[in-house]
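Next come the chains, spelled out residue by residue.
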Amino acid sequence: MQFDRELDVKGLNCPLPILRTKKALSEMTSGQVLRVLATDPGAVKDFHAFAKQTGNQLLANADADQVFEFYFKRK
């Protein structure tokens, strides 16, 4: 998937991945895509809730080898 910016929050635990994602998205323009890489198992649930609360679209998420990958589209 194409993305405009990548954020690596591997090794960080809640709430840091959400806070850093929120900051990164705020620095982007509407329609741009942010790729987030995380290792916190709670990130899957947290990022789904984050997308609902903020209106930023969660385009896709996947995991491989304990690394979770998320794609957000800036509202």
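Everything below is about the structure printed above this text.
To start, this report covers the structure provided alongside it. (Residues numbered from 1 in each chain as written. Predicted model: local features only at pLDDT ≥ 70, side-chain atom pairs only at ≥ 80, totals over all residues. Heavy atoms only, no water.)

## A short note on the overall build of the chain
- Within the chain one finds two helices and four strands.
- The secondary structure elements of the chain, listed N-terminal to C-terminal, are β-α-β-α-β-β.
- Computed over C-alpha atoms, the radius of gyration of the chain comes to 11 Å, within 12% of the 11 Å expected from 2.2 N^0.38 for 75 residues, which places it in the range of a compact globule.
- Each principal axis of the C-alpha atoms in the chain carries an extent, and together these give about 30 × 25 × 20 Å.
- When the 75 residues of the chain are sorted by exposure, 35% land in the buried category.
- Long-range pairs, those at least 24 residues apart, make up 66% of the contacts in the chain between residues at least 6 apart in sequence.
- Total accessible area on the chain stands at roughly 4600 Å², and carbon and sulfur atoms take up 49% of it. (Helix = DSSP H or I, 4+ residues; strand = E, 2+ residues; numbered from the N terminus. Rg over C-alpha atoms; globule rule 2.2 N^0.38 Å. Buried < 20%, exposed > 50% of the residue type's maximum accessible area, 1.4 Å probe, protein only. Contact = heavy atoms within 4.5 Å. Areas by Shrake-Rupley, 256 points an atom, 1.4 Å probe, with all protein chains shown as cover.)

## Overview of the nonpolar core
- Leu-34, Val-36, Phe-47, Phe-70 and Phe-72 are the most contacted members of the largest nonpolar core, which has 18 residues in total.
- The set of elements that each furnish at least two residues to this core consists of α1 (16-26), β2 (33-38), α2 (43-54) and β4 (67-73).
- Looking at which element gives the most residues to this core, the answer is α2, with four residues.
- Dropping the residues within four chain positions of it, Phe-47 is found in contact with Pro-17, Ile-18, Thr-21, Val-36, Leu-58, Phe-70 and Phe-72. (Core = buried A, V, L, I, M, F, W, Y, C linked by side-chain atoms within 4.5 Å.)

## Regarding the packing of aromatic side chains
- Counted by the stated rule, this structure contains five aromatic pairs.
- Residues Phe-47 and Phe-50 carry aromatic rings whose centres are separated by 6.4 Å and whose planes lie at 80° to one another, so their mutual orientation is edge-to-face. Residue Phe-47 and its partner Phe-50 are located together in helix α2, separated by three residues, close to a single helical turn. In this structure, Phe-47 and Phe-50 share a single accessibility class: buried. (Phe/Tyr/Trp six-rings, centres within 6.5 Å; stacked < 30°, edge-to-face > 60°.)

## Points about the environment of Phe-72
- Examined against the element boundaries, Phe-72 turns out to sit in strand β4.
- Among the residues examined, Phe-72 registers a relative accessible area of 0% and is labelled buried.
- The contacts of Phe-72, once residues within four sequence positions are left out, are Thr-21, Leu-25, Gln-32, Val-33, Leu-34, Val-36, Phe-47, Phe-50, Ala-51, Gln-57 and Leu-58.

## Side note on the sheet that holds strand β3 (residues 57-64)
- Read across the sheet, four strands follow the order β1-β2-β4-β3 without closing on themselves; strand pairing throughout is mixed. Of all the strands in the sheet, just β1 (5-8) and β3 have a single pairing partner and so form its edges. Averaged over all pairs of adjacent strands, the angle between their axes in this sheet comes to 15°, without regard to strand direction.
- Here α2 sits on the sheet and contacts β2, β3 and β4; the angle it forms with β4, its principal contact strand, is near 5°. (Pairing = 2+ DSSP bridges. Axes fitted to C-alpha atoms, helices over the stretch in contact; angles between N-to-C directions.)

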